[in-house]
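Given next are the chains, with one letter for each unit.
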Amino acid sequence: MRHTTFSRTPPDSPTSSSPRSPNNPAVSTPSGEAIFNGNGSPSKHISQLMELNCSVGKGRRKINNTNNTTNTSSLLESSASMPSLSQNHHQNEHSFRSKVDERVSANGGNREPFLIGVAGGTASGKSTVCNLIMNSLQEKRVVLLAQDSFYRPLTEEERRNVKQYNFDHPDAIEWPLIVKTLKDLLLRRNVKVPVYDFVTHSRKEGVDINVEPGDVIIIEGILVLAMEAVRDLCHMKIFVDTDDDLRLARRMKRDTLERGRQVDGVILQYTTFVKPMFEAYVSPSKRNADIIIPWAGGQNSVAIDLIAKHIRTKLGQTDLRRIYPNLVVLPPHFQIRGMHTIIRDRTVSRSDFVFYSDRIIRLVVEHALGYLPFKEHQIETPTGETYRGVSFYSKICGVSMIRSGEAMENALRACCKGIKIGKILVKRRDKDGLGSDLLRRESPPVEEEENIDNLDSDEDELDASKLPDVLYQKLPYDISERYVLLLDPLLATGYSAMAAINMLKAEGVLEERILFVSVIASTQGVHQLCTKFPRMKIITSEVDAGLSDDNRVLPGVGEFGDRYFGTEKEDNEFMVGSPSKF
Ligand SMILES: Nc1ncnc2c1ncn2[C@@H]1O[C@H](COP(=O)(O)OP(=O)(O)O)[C@@H](O)[C@H]1O
Ligand SMILES: Nc1ccn([C@@H]2O[C@H](COP(=O)(O)O)[C@@H](O)[C@H]2O)c(=O)n1
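Residues numbered from 1 in each chain as written. Chains lettered and ligands numbered in written order. Predicted model: local features only at pLDDT ≥ 70, side-chain atom pairs only at ≥ 80, totals over all residues.

Describing the site of ligand 2
For clarity, the threshold we go by: Placing the C-beta atom from the backbone, one calls a residue near a molecule or strand if that atom lies within 6 Å of it. For this scheme, ten residues count as nonpolar: Ala, Val, Leu, Ile, Met, Phe, Trp, Tyr, Cys and Pro. Four count as charged, namely Asp, Glu, Lys and Arg, and the remainder, Gly too, count as polar.
Near ligand 2 lie twelve residues; those nearest to it are Thr-122, Phe-167, Asp-168, Ile-222 and Val-274. Tallied by class, residues from the shell around ligand 2 come to six nonpolar, two polar and four charged.

Laid out in structure tokens, this is it:
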């Protein structure tokens, strides 16, 4: 596809009134044909935009590196030859983020759009990847921008010597305009995007495209991860990685078939500019990516699926946190996602399960400790100087929910030397009131995370007598004076946790002094606890969409305690292989 700026609106969203606003729910193929995602008529706007952006002139091929040498140092940061953007960049970035926060709260919590930067060499498959991501996010409004739309118009002289023009050098692009456009979209403002004419090497006058903001914004282009100013705005950075020979072959095919270019010209441009610039700028920017997608053979649908899920989770979790200020979810980095991928895998060995669970637990426990009150505490350093620091303000203790909560005790001990840890055993009941390994209780159906606004707490008002019984407790004698980290790796229905919290409160612990710490929390459990105990905090590493009929967290991790302590049954459906090996 030749670069196109367009957006896709979910079927129920209002469409733009602008004749140029491409808001039809259409997507485009890599070859630039508009295709349609099942709900009817072809998108005229998309086709129109394709036409505007796809026309590439014939004469512009051979160019050498006599131009494009100014100003780059102020724009780039990627290798030794690329100093950082500017002294003020980080300050500007900070004040921009504050503006976004203000804007988000002024919008009644309407979250900041999710910005993805997609880089990779020429013809690596960036546009193809972007289209696949757009396709996977059918229900979201997605805006796709291309770096190519922001090519700087050539001067008369540059136009006369166009064969010597280096289109792969950063100076060929008007980066300040890209940054402004992205910032405006992040602030949910409409933007105008230039239409680049590949024939005249200039912008088409008076035909800028009006683009409305979206839930997800994608910017793709060879240099987007090489540019610090763009990169720093991105919530997710993707590098499409394709073998050089394959890229040359794809570019050759594309440029000769779609851009009317000659084979010799393509090769000359490639060897003179494209390849050296790739090595200088594009390839080094790979190290800035959160995710690298190998794009040589086939369409790597696993990667696309992972990315789409991650975006959905990110947007969904933001929603939950917006509703419940007492919910804290660890920042959804790929590192956390990667560790969850391991522990949630039913085939993982027990040693890996324990290793990666321990790492996640350590992270959530550390994070939870950050929510304890601190008081000012000055000390003297070995240099004789004063360090104005802090120390814990109040006594703390842990309480683990027997038995899986015990898997979290080591991490707490590792963080807080000598910490007292109490225990609570809650008897789980099945839905008929009979004893069972699992708490089973009818619960309202759980919607997708995006629809959690629909959950109505009154509908599910819980009768305290239905809570499971606390069978055993052993708590520090002075627990009422302490902050309590209540440890349970899985929050499912929330009823066991509620029984434990009620018990702690009955022992005199103030609700605002309880921090419920888990590895995974279900939306349902979050809803229950956050509603019933609004002054308590929940700290978790991921929120899962729901519960099965028998109240297992979905997609979940199975029976955490059994997997951690190696006590799963032979035929346990959540574990295959031979755990006894470990
Ligand atoms: N996985 C793939 N297998 C084969 N051809 C592909 C694949 N991905 C992309 N292409 C083709 O390679 C060319 C370049 O892809 P495109 O997505 O436009 O790359 P970019 O946006 O990085 O320049 C297009 O002709 C496209 O059809
Ligand atoms: N007038 C132009 C502008 C750009 N190019 C080439 O496009 C490449 C970037 O686009 P991809 O889709 O391939 O990433 C870049 O390598 C430029 O050489 C051009 O040929 N003419």
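Looking at the pairing of strand β19 (residues 483-487)
Spelled out, the test is: Exposure classification rests on a simple neighbour count of other C-beta atoms within 10 Å of a residue's own: a residue reaching 20 or more is buried, one at 12 or fewer is exposed, and one in between is partly exposed. C-beta atoms are placed from the backbone. The numbering of helices and of strands both runs from the N terminus, where a helix is a DSSP run of H or I of at least 4 residues and a strand a run of E of at least 2. Two strands make a pair as long as DSSP finds a minimum of two bridges between them.
Taken across its five residues, β19 has five buried, putting it largely inside the fold. Pairing of strand β16 (residues 396-402) with β19, which is carried by five bridges, proceeds in the parallel orientation. Paired with Val-399 across the two strands is Leu-486, which belongs to β19.

Let's talk about unusual backbone geometry
Cis geometry is found at the peptide bond from Ile-402 to Arg-403, where omega equals 15°. Examined against the element boundaries, Arg-403 turns out to sit in the loop between β16 and α13 (409-415). For the peptide bond that leads from Leu-554 to Pro-555, omega is 0°, which places it in the cis range. If you check the backbone angles, Ala-123 has positive phi at about 60° while not being a glycine. Within the element layout of this structure, Ala-123 appears in the loop between β4 (114-120) and α4 (126-136). Taking the C-beta count within 10 Å as the criterion, Ala-123 has 24 such neighbours and is therefore assigned buried. With a phi close to 65°, Asn-551 is a non-glycine residue in the positive phi region. As for its position among the elements, Asn-551 is in the loop between β25 (546-547) and β26 (553-554). For Asn-551, a count of 22 C-beta atoms within 10 Å translates into the label buried.

Here's the deal with the environment of Ile-343
Secondary-structure assignment places Ile-343 in helix α11 (residues 334-344). Overall, the presence of 24 C-beta atoms within 10 Å leaves Ile-343 in the buried class.

A short note on the sheet that holds strand β20 (residues 490-491)
Note the threshold: Contacts here follow a simple rule: the backbone-placed C-beta atoms of the two residues must lie within 7 Å. Every angle, taken between N-to-C directions, lies between 0 and 180 degrees, and every axis is a line fitted to C-alpha atoms, over only the stretch in contact when it is a helix.
Judged by pairing direction, the sheet is parallel, and its three strands sit side by side in the order β20-β22-β24 without closing on themselves. Taken across any chain shown, the strands that pair with only one partner, and hence form the sheet edges, are β20 and β24 (542-544). For strand β22 (residues 520-522) and β24, the ladder comprises three bridges, and the chain directions are parallel. Bridge assignment links Ser-522 to a residue of β24, and that residue is Asp-544. Set on the sheet, helix α15 (residues 523-532) makes contact with β20, β22 and β24; between it and β22 the angle comes to about 80°.

Digging into the pairing of strand β14 (residues 374-380)
Within a regular strand, the side chains alternate between the two sheet faces. Sparse coverage of β14 is indicated by the burial of zero of its seven residues. Bridge analysis of β14 against strand β15 (residues 386-392) gives seven bridges, and the strand direction is antiparallel. Looking at β15, one finds that Phe-374 is bridged to Phe-392. Between the antiparallel neighbours β14 and β15 lie five residues, among them Gly-384 with a positive phi of about 90°.

Quick look at helix α12 (residues 350-369)
Spelled out, the test is: Take the residue count of a helix, subtract one, and multiply by 1.5 Å to get its expected span.
Compared with an ideal rise of 1.5 Å per residue, which puts 20 residues at 28 Å, α12 spans 28 Å between its outermost C-alpha atoms and is within 8% of the ideal. Against the buried residues of α12 lie α11, α13, β19, β21 (514-517), β23 (537-540) and α16 (560-565).

Some remarks on the environment of Gln-378
With respect to the element layout, Gln-378 can be found in strand β14. Residue classification places Gln-378 among the exposed positions, given that 10 C-beta atoms sit within 10 Å. Distance in space between the C-alpha atoms of Gln-378 and Val-390 is 7.2 Å, their sequence separation being twelve residues. What Gln-378 contacts, discounting residues up to four positions off in sequence, is Thr-386, Tyr-387, Arg-388 and Gly-389.

Focus: the packing of helix α8 (residues 244-258) against helix α9 (residues 263-282)
A pair of packed helices is characterised by two quantities: the angle between their axes and the separation of those axes. The criterion, for reference: Any angle that is under 35 degrees is reported as roughly parallel, and any over 145 degrees as roughly antiparallel; angles of 65 to 115 degrees are reported as roughly perpendicular and all others as oblique. Here a crossing is taken to be left-handed if its near helix is turned anticlockwise relative to the far helix by less than a right angle, and right-handed if that turn runs clockwise.
Two numbers describe how α8 lies on α9: the axes approach to 10 Å, and their chain directions differ by 135°. Between α8 and α9, the crossing angle belongs to the class labelled oblique. The element α8 and its partner α9 pack so that their crossing is right-handed. Taking contact as the criterion, the partners of Leu-248, Arg-251, Met-252, Asp-255 and Thr-256 in α8 are, on α9, Val-263, Val-266 and Tyr-270.

Looking at the environment of Tyr-324
Positionally, Tyr-324 belongs in the loop between α10 (301-323) and β13 (327-329). C-beta crowding within 10 Å serves as the criterion here: with 18 such atoms nearby, Tyr-324 is assigned to the partly exposed category. In this structure the C-alpha to C-alpha distance between Tyr-324 and Thr-531, which are 207 residues apart in sequence, comes to 8.1 Å. Discounting residues that sit within four places of it in the chain, Tyr-324 has contacts with Val-526 and Cys-530.

Side note on the sheet that holds β23
As summarised here, the arrangement of the seven strands in space is β13-β23-β21-β19-β16-β17-β18, forming an open sheet in which the pairing is mixed. With one partner strand each, in any of the chains shown, β13 and β18 (470-474) form the two edges of the open sheet. Averaged over all pairs of adjacent strands, the angle between their axes in this sheet comes to 20°, without regard to strand direction. Strand direction decides the pairing type here: β13 and β23, joined by three bridges, are parallel. Its bridge partner being in β23, Val-329 is matched across the sheet by Thr-540. With respect to the sheet, helix α14 (residues 495-506) is in contact with β16, β17 (421-426), β18, β19 and β21, its orientation differing from that of β17 by roughly 130°.

What to know about the packing of α11 against α12
In contact at an axis separation of 9 Å, α11 and α12 are set at 145° when each is read in the N-to-C sense. For the element pair α11 and α12, the recorded crossing hand is left-handed. Along its contact with α11, which presents Ile-336, Met-339, Ile-342 and Ile-343, the element α12 presents Asp-352, Phe-353, Tyr-356, Ser-357, Arg-359 and Ile-360. Classifying every residue of the contact of α11 with α12 by side-chain character gives seven nonpolar, one polar and two charged.

Looking at α8
Along an α-helix, residues three or four apart share an orientation, since each turn contains 3.6 residues. What counts is decided by this rule: Taking the helix axis as origin, the arc is that swept by the directions to the C-beta atoms.
Spanning 15 residues, α8 covers 20 Å between terminal C-alpha atoms, matching the ideal 21 Å at 1.5 Å per step. Here α8 has its buried residues at Arg-247, Arg-251, Arg-254 and Asp-255. The buried residues of α8 occupy an angular sector of 90° when projected down its axis, which confines them to one face. Across α8 from its buried face, at more than 90 degrees, point the exposed residues Asp-245, Ala-249, Lys-253 and Leu-257. On its buried face, α8 sits against α9. Where α8 terminates, the next one or two residues include Gly-260, which has phi positive at roughly 60°.

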